[in-house]
There are 2 protein chains.
Amino acid sequence: MSATVDKVLDAAEGAMRARGYHAVSFRELADDIGIKSSSVHYHFPQKDDLGVALIERYSKRVLAELNRRSEESKNPNDRLDAFIDVYREALVNTDSVCLCVMLGAESRGLPDNVSNAVADFFDANIGWLANILPTTLSKKARRNKAASVLATLQGAMMMAATLKDTGLFDAIVKELRAAHRQS
Amino acid sequence: MSATVDKVLDAAEGAMRARGYHAVSFRELADDIGIKSSSVHYHFPQKDDLGVALIERYSKRVLAELNRRSEESKNPNDRLDAFIDVYREALVNTDSVCLCVMLGAESRGLPDNVSNAVADFFDANIGWLANILPTTLSKKARRNKAASVLATLQGAMMMAATLKDTGLFDAIVKELRAAHRQS
DNA sequence: GTCTATAATTTGATAGAC
DNA sequence: GTCTATCAAATTATAGAC
């Protein structure tokens, strides 16, 4: 993958996480990294090509980070903490929501391939989380619990960003940890 | 409030809940209700005027609905159910997320007055919810619990809409009810 | 791979007639 | 209060030179 492609995706990720898909233009991204918009089109012919590539890179990065951290401990509680921490750092380090909170909210207004990539991101995250939940639960129950944890995190990111209050995210997460701690 | 103003706001609500603030244009709203975009500008000179008016109308409507339903019972569990039902119906009836999930995600890319109106919506909802939580808890603890419930609902709406799976919303809500039921 | 140049469309917004 | 007409700017996207 070329250096320019990564620069474009970096710029696109920052912009789309802050303002959404439709509020980001090829020209803006090009200006950000010091090239022309036609050069961006060389790498991503259409905007949805950029959107899909962005989500796929983001998704891979998040899952790799989750797997890396979960190798540090096999304890389910530690792994839940790792999951939460990955999301927390995404909020704190970038001062913006998860890419897929934004694109998930906008999904009905996105090209189908972009919207599907967002759905895949959620499925993958739910699957990851479901795997660390107690095997005493049914597969469906684990999936539902996993979806519940993810929904709370995503909602908490969105509200904390809107209210400009990271402490609110932490307070919500504290309850989440307590509720899902396994003994 | 004139009939046209309401028609514009109706069209704007449907469009912005589906696709977001930046993906909605004056011309589109005008076409929807059979007038010209300059007539929309007569009622809302700038786009942020429209945004603020839309959120304020939405916020009043949601809070009125919450209050109306909560008059049916003084039982805290019933009132929590009423809160959840209001959000569930918003999802099911319109097949789209809460206006403030969308605008909350986009908030960093919105004009300040619009972004502030979204924040006010969340504050009002958190306040409403906090009021039905056990008075044995501290004020801060109630606020945090209320924010947690709201975050889960908003996140669940967003994910259910993206995955086109209302059942997922229901499954998440089932856990939420169980976790917050007072005996 | 990046550039200049440009096409075709859409956008938010305004002036002024009725 | 709605219209016609229009503007300046921005948007996605393409053709073709280097």
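A quick note: this is a predicted structure, and the numbers were derived from the prediction, not measured.

Engineer: How would you explain the protein's contact with DNA strand D if you had to name every residue and give the values?
Structural biologist: Near DNA strand D lie 16 residues; those nearest to it are Arg27 and Lys47 of chain A together with Thr4, Lys36 and His43 of chain B. Backbone atoms, meaning sugar plus phosphate, form 53% of the atoms of DNA strand D positioned within 4 Å of the protein. Take His43 of chain B: an N or O atom from its side chain is 2.7 Å from a phosphate oxygen of DNA strand D. Listed by contribution, the elements that provide at least two residues to the surface near DNA strand D are helix H2 (26-33) and helix H3 (37-43) of chain A together with helix H3 (37-43) of chain B. Looking at which element gives the most residues to the surface near DNA strand D, the answer is H3 of chain B, with four residues. Residue classes in the surface near DNA strand D are distributed as four nonpolar, eight polar and four charged.

Engineer: Explain the interface of chain B and chain A to me, using residue names and the numbers behind them.
Structural biologist: Contacts between the two partners involve 45 residues from chain B and, on the opposite side, 45 residues from chain A. Across the chain B to chain A interface the summed buried area is about 3,500 Å²; carbon plus sulfur atoms make up 65%. When residues of chain B are sorted by the area they lose upon contact with chain A, Arg108, Thr162 and Glu175 of chain B head the list and together hold 17% of the total. In this structure, the connection of chain B to chain A is made through four salt bridges. A salt bridge links Lys145 of chain B to Glu175 of chain A; its shortest N-O distance comes to 3.6 Å. Viewed at the interface, chain A and chain B are joined by eight residue pairs in polar contact (both at pLDDT 80 or more). Secondary-structure elements contributing two or more residues to the side of chain B that touches chain A are helix H1 (3-19), helix H6 (99-105), helix H7 (112-130), helix H8 (139-162) and helix H9 (166-180) of chain B. The dominant element in the side of chain B that touches chain A, judged by the number of residues it contributes, is H8 of chain B, at 16 residues.

Engineer: Lay out the relation of the copies chain B and chain A with the relevant residues and their values.
Structural biologist: Rotating chain B by 180° and moving it 0.0 Å along the rotation axis overlays it on chain A with an RMSD of 0.0 Å. In short, the pair behaves as if placed about a two-fold rotation axis. A share of 100% of the interface residues of chain B reappears at the interface of chain A, consistent with the copies meeting face to face through the same patch.

The rules behind the values
- Residues numbered from 1 in each chain as written.
- Chains lettered and ligands numbered in written order.
- Predicted model: local features only at pLDDT ≥ 70, side-chain atom pairs only at ≥ 80, totals over all residues.
- Heavy atoms only, no water.
- Near = heavy atom within 4 Å.
- Polar contact = N/O pair within 3.5 Å; in protein donor to acceptor, adjacent residues only side chain to side chain.
- Helix = DSSP H or I, 4+ residues; strand = E, 2+ residues; numbered from the N terminus.
- Nonpolar A, V, L, I, M, F, W, Y, C, P; charged D, E, K, R; others polar.
- Contact = heavy atoms within 4.5 Å.
- Buried area = accessible area lost by both parts, 1.4 Å probe.
- Salt bridge = Lys/Arg side-chain N within 4 Å of Asp/Glu carboxyl O.
- Least-squares fit on C-alpha atoms with pLDDT ≥ 70 in both.

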